[in-house]
Every structure is written in C-alpha cells, then in structure tokens.
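Chain residues, written in single-letter form:
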Amino acid sequence: QVQLVESGGGLVQAGVSLRLSCAFSGRTLSSYAMGWFRQAPGKEREFVASISWSGSSLYYADFVKGRFAISRDNAKNTVYLQMNSLKPEDTAVYYCAASSRGGWRTGLPTSYDYWGQGTQVTVSS
C-alpha cells in the first residue's frame, strides 16, 4: 500500500521560501507521476504542480509559475515543492498525491490514486 507523508510546512512571512517534502513508501516511486495540490479554508482542492515518472515533464498552475518548482528524487523516494516569494494567498494545506494513470496531466484530483495527510502552510503579511 502506498503511503505519502508531507513535511516542511509552517508559519512564515510573505516573501520568504519554504520547501515541502513528500516521503513515498510502499511501492516504487518511479512508477508514479506525482502532484502537489492545496486547499484553503472554504475552497476546493486545487492543482499546484505535477511531475512525470522520470521528472522530464513538469506542469504548474498559472498562479505559481515562476515561484514554485516541483522536483523528485526517485532514489530517495521523495518529491519536493520549492516555494519562493510566498504570498498570503498561498496559505493552505498542501497535499502530495501519486498517480499511476495518464490522466495526471489534467491536474484533476480524481486522476490521482493516493494522497498524503497534508501539511499546513500559513503566510502572514
């Protein structure tokens, strides 16, 4: 059974950086495309970024392009989300997710098979 555990969240001021990590276990990470999503209070879960099995294809939501970067280290079974120039509107619970299906490119949560429990990111102004 795949397990995903996020870490690295916290309370920060606007403009600083954070790096989220997602530890993957239970299967071979290289068999899954991976994504990061976020959910703010009262809002639906939204796509942030995704990365292909090998890391050669990356996709980002428009609101994070140029600020966030997704990466993966299959040897360490870990996926990362580097978040720079954080804004108060980035405040949310951030989730990593794993997909074994081609639909992962769509950014739809329903295209992902496994989810972590989330890590809170709070950005103060």
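For every chain, the first residue of its written sequence is number 1, and the numbers climb from 1 along that sequence. For a predicted model such as this one, the threshold for reporting local features is a pLDDT of at least 70, and the threshold for listing and counting side-chain atom pairs is 80 or more; totals across whole chains, interfaces and linings nevertheless cover every residue. Side-chain numbers here rest on the full set of heavy atoms in the structure, without hydrogens or water.

### Structural notes on the environment of threonine 110
To qualify as a helix, a DSSP run of H or I must reach at least 4 residues; to qualify as a strand, a run of E must reach at least 2; elements of each kind are numbered from the N terminus. Counting through the fold element by element, threonine 110 comes out in the loop between β9 (92-99) and β10 (114-115). To sort residues, take the accessible area from a 1.4 Å probe on protein chains only and compare it with the maximum for the residue type: under 20% means buried, over 50% means exposed, and anything in between is partly exposed. For threonine 110, a relative accessible area of 62% puts it in the exposed group. With 76 residues separating them along the chain, threonine 110 and methionine 34 place their C-alpha atoms 13 Å apart.

### Overview of the sheet that holds strand β1 (residues 3-7)
In space, the 4 strands of this open sheet follow the order β1-β3-β8-β7, with antiparallel pairing throughout. Each end of this open sheet is capped by a strand with a single partner; those strands are β1 and β7 (68-73). Along the sheet, successive strands turn relative to each other by an average axial angle of 15°, direction set aside. Here a strand pair is declared whenever DSSP counts at least two bridges between the two strands. Fitting a line to C-alpha atoms yields each axis, with helices limited to the stretch in contact; the angle taken between N-to-C directions then spans 0 to 180 degrees.

### Some remarks on the packing of aromatic side chains
Think of it this way: a Phe, Tyr or Trp ring, Trp meaning its six-membered ring, pairs with another when their centres are within 6.5 Å, and the plane angle makes it stacked under 30 degrees, edge-to-face over 60, tilted otherwise. Taken as a whole, this structure holds 8 aromatic pairs when the rule is applied. When the centroid spacing of 5.7 Å and the interplanar angle of 90° are considered together, the rings of tryptophan 53 and tryptophan 104 count as edge-to-face. One end of the pair, tryptophan 53, is in the loop between β5 (46-51) and β6 (58-60); the other, tryptophan 104, is in the loop between β9 and β10, and 51 residues separate them in sequence. Look at tryptophan 53 and you get partly exposed, because its relative accessible area is 27%. The exposure class of tryptophan 104 is buried, given its relative accessible area of 0%. An aromatic cluster is defined as three or more aromatic residues linked by ring pairs; in this entry it consists of Phe37, Phe47, Tyr112 and Trp115. Cation over ring: arginine 45 sits above tyrosine 95, and NZ or CZ is 3.8 Å from the ring centre. For a lysine, the NZ atom is tested; for an arginine, the CZ atom; a charge sits over a ring if that atom is within 6 Å of the ring centre and within 35 degrees of the ring normal. Residue placement shows arginine 45 over the ring face of tryptophan 115; its charged tip is 4.8 Å from the ring centre.

Everything listed here is a matter of coordinates, which is why it stays silent on function.
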